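Structure assessment
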Amino acid sequence: MNFKLLLQYDGTDFHGWQIQEGLRTVQGELTRVLSLLEDREVVVHGSGRTDAGVHAEGQVASVELKRDIGPQKLRNAINGNLPADVRVLFADEAPGDFHARYSARSKSYCYRILHGSVVSPFWARYALPEARALDLERMRECAKSFIGEHDWTAFSAAQSDAESRVRKVLDCDIEDHWSAVGRCHLIEIRVSANGFLRYMVRSIAGTLLAAGRGELDEQTLQRAIDEGNRDLVGPTAPAHGLTLRSVQYD
């Protein structure tokens, strides 16, 4: 049977999603638990990799199991053997050809910025502190430049195994609101695309922050996109502010 798993995890203490020998990863924890339940080595596929320190509210994984088990029982069995910083929220039977990565149509990420002089402990692990003044309208204007199909060489890791660096950004919004839990001001950069390159969202976030501080303008940003010039964009924002929100399927 093929199963689709919806996961959440706090990425702080993980070395990312993908299995790496000798390091603690989300895929590694899931593989360990599912192999134990199945009594054989299994392969767990994720919708995509998240880097060390990046969180997930809606990561999706798929796995084929021979064991006869219902979705709810499977979810409970997995969670009973996982550490507290990762959980399967839902387990569902999936068509035989469903694959968490190759069946995905788009993904949505959120980069959170805590804007203020005091960092709430409720957000310290999940948002980047920024005490300097930010021009949100300028950030929103710059964000419009990201929408559409572009070559994202200037906004990705220099070392990349991607065959193409062309991706289509479907949406790039900046939301500004008060967090009742942290009693603080939060800015959320929300980006949706048909795919992402490594560091792409963090680079977009860092560039929009630089624009908000008045360190670059829309013309420079457009040149960076057109020329693929990494030197023209802002610094890559730290991993802990980034969260994978959701993955969309047909």
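See the structure shown above.
The sections below set out a description of the structure shown in this document.

Cut-off values and rules
Residues numbered from 1 in each chain as written. Predicted model: local features only at pLDDT ≥ 70, side-chain atom pairs only at ≥ 80, totals over all residues. Heavy atoms only, no water. Pairing = 2+ DSSP bridges. Helix = DSSP H or I, 4+ residues; strand = E, 2+ residues; numbered from the N terminus. Buried < 20%, exposed > 50% of the residue type's maximum accessible area, 1.4 Å probe, protein only. Core = buried A, V, L, I, M, F, W, Y, C linked by side-chain atoms within 4.5 Å. Contact = heavy atoms within 4.5 Å. Disulfide = S-S within 2.5 Å. Phe/Tyr/Trp six-rings, centres within 6.5 Å; stacked < 30°, edge-to-face > 60°. Lys NZ or Arg CZ within 6 Å of the ring centre and 35° of its normal.

**Focus on the pairing of strand S1 (residues 2-9)**
Taken together, the 7 bridges between S1 and strand S3 (residues 55-64) define a ladder with antiparallel strand orientation. Of the residues in S3, the one forming a bridge with lysine 4 is serine 62. With 8 bridges joining them, S1 and strand S4 (residues 86-94) adopt antiparallel strand pairing. Each bridged residue has a counterpart across the sheet, and for leucine 5 the counterpart in S4 is alanine 91.

**What about unusual backbone geometry?**
Even without a glycine there, the phi angle at aspartate 39 is positive, about 60 degrees. On the secondary structure map, aspartate 39 appears in the loop between helix H1 (26-38) and strand S2 (44-46). Aspartate 39 gets classed as exposed once you look at its relative accessible area, which sits at 70%. Phi angles above zero are rare outside glycine, and tyrosine 199 is one such case at about 70 degrees. Inspection of the secondary structure assignment puts tyrosine 199 in the loop between strand S9 (184-193) and helix H4 (200-212).

**Observations concerning the nonpolar core**
Judged by nonpolar contacts, the single largest core of 71 residues is most densely connected at Leu5, Leu34, Ile78, Phe146, Phe155, Ile189 and Leu208. Examining the composition of this core, we find that 8 residues originate from one element, H4, more than from any other. Once you skip the residues sitting within four places of it in the chain, leucine 34 turns out to touch Leu5, Val42, Val44, Val63, Leu65, Leu74 and Ile78.

**A short note on the state of the cysteines**
Disulfides are covalent bonds that connect the sulfur atoms of two cysteines. For the structure shown, the criterion picks out 0 disulfides. Free cysteine cysteine 142: the closest other cysteine sulfur is in cysteine 172, separated by 10 Å. Unpaired in this structure, cysteine 184 has its nearest cysteine sulfur neighbour in cysteine 110, at a distance of 13 Å. Residue classification places cysteine 184 among the buried positions, given a relative accessible area of 6%.

**Things to note about the packing of aromatic side chains**
Working definition: an aromatic ring pair is given by the centre-to-centre distance plus the angle between the planes. The final tally for this structure, using the stated rule, is 6 aromatic pairs. Between phenylalanine 98 and tyrosine 249, the aromatic rings sit 5.1 Å apart at their centres with planes inclined by 55 degrees, giving tilted as the arrangement. In this pair, phenylalanine 98 sits in the loop between S4 and strand S5 (104-115) while tyrosine 249 sits in strand S10 (residues 242-249), placing the two residues 151 residues apart along the sequence. Take phenylalanine 98 and tyrosine 249: they sit in the same class, and that class is buried. Here the aromatic rings of phenylalanine 146 and phenylalanine 155 are separated by 5.4 Å at their centres, their planes lie at 90 degrees, and the arrangement is edge-to-face. An aromatic cluster of three or more residues is present, and its members are Phe146, Trp152 and Phe155. Directly above the ring of phenylalanine 14 sits arginine 24, whose terminal nitrogen or CZ lies 4.0 Å from the centroid.

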